[in-house]
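Observations on chain architecture
Listed here are the chains, written in short residue letters.
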Amino acid sequence: MKRPLPIFTMIVALMLAFGMTSCTSMLTGLYGVKEIKLVNEKIIAKNAKRFNIPMADNYELDTAYLTYLVSLDTSKYKLQIKNHYQPLQALYYDNAGYLKSFQVNCYAGGFPNLKWERDEIMTSFPPKQQAPVDSLVSLQTQLKFLKPLSNTTKFSIENNDYIVIVFWNRFMGRQSKRFVRFIQENSKLETNKKVKIIYVNNDNVFVGI
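Small disclaimer: the values here were computed from a predicted structure and weren't measured. (Residues numbered from 1 in each chain as written. Predicted model: local features only at pLDDT ≥ 70, side-chain atom pairs only at ≥ 80, totals over all residues. Heavy atoms only, no water.)

1. With respect to the overall build of the protein chain
- For the protein chain, the helix and strand inventory stands at seven helices and six strands.
- When the helices and strands of the protein chain are placed in sequence order, the string is α-α-α-β-α-α-β-β-α-β-β-α-β.
- Taking the contacts inside the protein chain whose residues are at least 6 apart along the sequence as the reference set, 76% of them involve residues at least 24 apart.
- For the protein chain, the accessible area works out to roughly 10500 Å², and carbon and sulfur atoms hold 54% of it. (Helix = DSSP H or I, 4+ residues; strand = E, 2+ residues; numbered from the N terminus. Contact = heavy atoms within 4.5 Å. Areas by Shrake-Rupley, 256 points an atom, 1.4 Å probe, with all protein chains shown as cover.)

2. A short note on the pattern of salt bridges
- Summed over the entire model, instances satisfying the criterion amount to three salt bridges.
- Linking Asp 57 and Lys 196 is a salt bridge whose minimum nitrogen-to-oxygen distance equals 2.7 Å. Placement of Asp 57 in the loop between helix H3 (41-50) and strand S1 (58-61) and of Lys 196 in strand S6 (residues 195-201) is noted, with a sequence separation of 139 residues between them. One exposure class covers both Asp 57 and Lys 196, and it is buried.
- Across the salt bridge formed by Lys 115 and Glu 117, the nearest N and O atoms sit 3.8 Å from each other. (Salt bridge = Lys/Arg side-chain N within 4 Å of Asp/Glu carboxyl O. Buried < 20%, exposed > 50% of the residue type's maximum accessible area, 1.4 Å probe, protein only.)

3. Describing the packing of aromatic side chains
- Tallied over the full model, the rule gives 10 aromatic pairs.
- Here the aromatic rings of Tyr 65 and Phe 167 are separated by 6.1 Å at their centres, their planes lie at 25 degrees, and the arrangement is stacked. Of this pair, Tyr 65 sits in helix H4 (residues 64-70) while Phe 167 sits in strand S5 (residues 162-168), placing them 102 residues apart in sequence.
- For Tyr 65, a relative accessible area of 3% translates into the label buried.
- By way of ring pairs, the aromatic residues Tyr 65, Tyr 68, Phe 145 and Phe 167 are connected into one cluster.
- It is Arg 181 that lies over the ring of Phe 182; its NZ or CZ is 5.2 Å from the centre. (Phe/Tyr/Trp six-rings, centres within 6.5 Å; stacked < 30°, edge-to-face > 60°. Lys NZ or Arg CZ within 6 Å of the ring centre and 35° of its normal.)

4. Focus: the sheet that holds strand S4 (residues 146-148)
- The mixed open sheet is built from six strands, whose spatial order is S3-S2-S5-S6-S1-S4. At either end of the open sheet lies a strand with only one pairing partner, and these are strand S3 (99-104) and S4. Ignoring which end each strand starts from, the neighbouring axes of this sheet average 25 degrees apart.
- Where S5 meets S6, seven bridges bridge the pair, whose relative direction is parallel. What sits directly across from Phe 167, in S6, is Val 200. (Pairing = 2+ DSSP bridges. Axes fitted to C-alpha atoms, helices over the stretch in contact; angles between N-to-C directions.)

5. Comments concerning helix H5 (residues 74-84)
- Turning to H5, its buried residues number three or more, namely Ile 81, Asn 83 and His 84. All buried residues of H5 lie within an arc of 150 degrees about the axis, which places them on one face of the element. The exposed set on the far side of H5, more than 90 degrees from its buried face, consists of Ser 75 and Lys 78.
- Where H5 is buried, its residues contact H4, strand S2 (89-94), S3 and helix H6 (139-144). (Arc of directions from axis to C-beta.)

6. Observations concerning a positive patch on the surface
- Where like charges cluster on the molecular surface, the positive patch consists of Lys 34, Lys 42, Lys 46, Arg 50, Lys 177 and Arg 181.
- Going through the elements one at a time, H3 and helix H7 (173-187) are the ones with two or more residues in the positive patch.
- Top element by residues in the positive patch is H3. It accounts for three residues.
- Position of Lys 177 relative to the elements: it lies in helix H7. (Patch = residues over 30% accessible without salt bridge, like charges linked within 9 Å, V, L, I, M, F, W, Y side chains within 5 Å. Lys, Arg positive; Asp, Glu negative; His and termini not counted. Charge placed at Lys NZ, Arg CZ, Asp CG, Glu CD.)

7. Notes on the confidence of the model for the protein chain
- Across the protein chain, pLDDT averages 88, with 86% of residues at or above 70.
- Predicted confidence for residues 1-24 stays below pLDDT 50, and this span has 47 contacts to residues more than four positions away or in other chains. (pLDDT = per-residue confidence, 0-100.)

This is the structure we're talking about:
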């Protein structure tokens with residue numbers, strides 16, 4: 001299968017991010033979207049601090065993740081692939097590896113900020129259904145594409161009831177910051193089970209494709 005063209009990166013990062021068919025520089029500016037740039041660990045750490053992301057739980061997404069997604073059957077899994085390719089995502093897995101809730105930017109809506117709490121989705125843990133839950137990417141597959149950073153601490157799936165994988169980035173600016181806050185606040189609703197949130201920077205996946 002052919003690799004995506006450069007324009008596909010722009011479409012995904014800027015247009016599909018908000019579920020739109022067209023997007024202007026003024027509109028992306030109002031959403032706080034920045035130019036997509038290559039980031040290193042220093043830049044990731046700087047932005048993680050701004051977004052209140054613990055470095056012990058922070059990872060970088062391997063750019064091979066894109067190759068994996070586009071290697072799947074696009075005629076059968078077109079919607080699922082689109083969902084898993086979005087800039088902002090939260091995937092709620094139980095410790096058996098099943099996806100229980102899926103939050104994705106293109107389903108959030110809202111202006112000038114994405115409305116993650118729409119329809120009271122965030123009033124329970126895991127959050128209520130937003131994006132369709134699928135089995136396209138298992139927890140074990142997700143973990144294979146996560147690259148630990150210098151200060152990342154190992155964790156055990158078995159020691160947790162839920163594993164929440166949060167995809168975030170620098171170029172989504174305040175939308176990333178707000179998203180992380182919503183996920184963190186929602187996790188506080190679960191008081192009986194152990195929840196492990198891991199944060200995955202995916203800036204470089206959208207660069208140089």
